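Residues per chain, in single letters:
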Amino acid sequence: ANFGELVLVLGDLHIPHRASKIPAPFKKMLVPNKMRHVICTGNLSSEDYAELSGLAPNVHVVAGDHDDANQMAFPESRVVQVGAFRVGVIHGHQILPWNSKEAVERVRRKLGVDILVTGHTHRNEVTSHSDGAFYHINPGSITGASSALVPDGKVTPSFILLA
């Protein structure tokens with residue numbers, strides 16, 4: 001199965017507090033109207049949101065734990081239909097205990113989704129759960145913003161494309 005649509009998954013921008021900008025090689029790839037959906041796990045500014053809104057007709061953002069709350073209000077979670085898949089999106093700080101497969105599974109069941117997208121850890125990873133019954137996707141930080149959750153604090157900038 002495929003999505004039938006190109007989906008950009010990103011998050012944890014933290015501009016300007018922990019990173020200055022999206023790296024130039026990534027910026028070149030972010031061409032308007034190439035993607036059908038942008039899914040963002042939060043931690044962005046109003047300027048970042050405006051930029052994401054120009055990339056695709058469908059932009060889905062959830063509240064992070066370091067958003068510019070005075071200017072924007074995003075929901076804690078979203079469920080997005082992409083092709084045949086229901087995609088749940090949360091920032092990730094709500095998953096307790098952290099790194100618990102059971103906690104991830106609880107959130108996925110609560111949202112009733114095939115794929116759960118979270119951020120917060122700034123670690124890019126795709127994990128299959130329940131013998132492939134669903135996937136947990138973390139796009140990492142598109143800016144490479146530092147994080148205390150990464151052992152040496154150094155984060156490699158990353159995002160994920162789904163097709």
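This text goes with the structure placed above it.
How each quantity is defined
Residues numbered from 1 in each chain as written. Predicted model: local features only at pLDDT ≥ 70, side-chain atom pairs only at ≥ 80, totals over all residues. Heavy atoms only, no water. Helix = DSSP H or I, 4+ residues; strand = E, 2+ residues; numbered from the N terminus. Rg over C-alpha atoms; globule rule 2.2 N^0.38 Å. Areas by Shrake-Rupley, 256 points an atom, 1.4 Å probe, with all protein chains shown as cover. Lys, Arg positive; Asp, Glu negative; His and termini not counted. Charge placed at Lys NZ, Arg CZ, Asp CG, Glu CD. Pairing = 2+ DSSP bridges. Salt bridge = Lys/Arg side-chain N within 4 Å of Asp/Glu carboxyl O. Buried < 20%, exposed > 50% of the residue type's maximum accessible area, 1.4 Å probe, protein only. Axes fitted to C-alpha atoms, helices over the stretch in contact; angles between N-to-C directions. Contact = heavy atoms within 4.5 Å. Right-handed = clockwise from strand over helix to strand, strands pointing away.

K.L.:
A description of the overall build of the chain should follow, citing residues and the corresponding values.
P.N.:
Of the regular secondary structure elements, the chain holds three helices and nine strands. Secondary structure elements of the chain, listed N to C terminal, follow the sequence β-α-β-α-β-β-β-α-β-β-β-β. Here the C-alpha radius of gyration of the chain, 15 Å, is about what a compact globule of 163 residues would show, namely 15 Å. Along the three orthogonal principal directions, the C-alpha set of the chain runs to about 40 × 35 × 30 Å. For the chain, the accessible area works out to roughly 8,100 Å², and carbon and sulfur atoms hold 53% of it. In the chain, the 15 positive side-chain charges and the 15 negative ones have mean positions that sit 3 Å from each other.

K.L.:
Could you give an account of the pairing of strand E4 (residues 77-82), naming the residues involved and the relevant values?
P.N.:
Of the strand pairs in this sheet, E4 and strand E5 (residues 85-90) are connected by six bridges, and their pairing is antiparallel. Opposite valine 80, over in E5, you have valine 87 as the bridge partner. Here E4 folds back onto E5, and the loop between the two strands holds two residues, one of which, glycine 83, carries a positive phi near 60°.

K.L.:
Give a detailed account of the pattern of salt bridges, specifying residues and quantitative values.
P.N.:
This model, assessed by the stated rule, comprises four salt bridges. Across the salt bridge formed by glutamate 5 and arginine 36, the nearest N and O atoms sit 3.6 Å from each other. With a gap of 31 residues between them, glutamate 5 in the segment before strand E1 (7-10) and arginine 36 in the loop between helix H1 (24-29) and strand E2 (37-40) connect regions that are remote in the sequence. For glutamate 5, a relative accessible area of 25% puts it in the partly exposed group. Taking relative accessible area as the criterion, arginine 36 reaches 41% and is therefore assigned partly exposed. A salt bridge links glutamate 105 to arginine 109, with the nearest nitrogen and oxygen atoms 3.2 Å apart. In this pair, glutamate 105 and arginine 109 are both assigned in helix H3 (residues 101-111), four residues apart and thus about one turn of the helix distant.

K.L.:
Explain the sheet that holds E5 residue by residue, including any values.
P.N.:
Pairing in this open sheet of five strands is mixed, and the strands run E4-E5-E6-E8-E7 from one edge to the other. In this open sheet, the two edge strands, each paired with only one partner strand, are E4 and strand E7 (124-129). Here the average twist between neighbouring strands, direction ignored, is 20°. The sheet contacts of H3 involve E4, E5, strand E6 (115-117), E7 and strand E8 (134-139), and relative to E5 the element is tilted by about 120°.

K.L.:
I'd love a proper account of the pairing of strand E3 (residues 58-61), names of residues and values included.
P.N.:
In this structure, E2 lies alongside E3, joined through four bridges in parallel fashion. Following the sheet pairing, isoleucine 39 is matched in E3 by histidine 60. Following the chain from E2 across helix H2 (residues 46-53) to the adjacent parallel E3, one finds a crossover that is right-handed.

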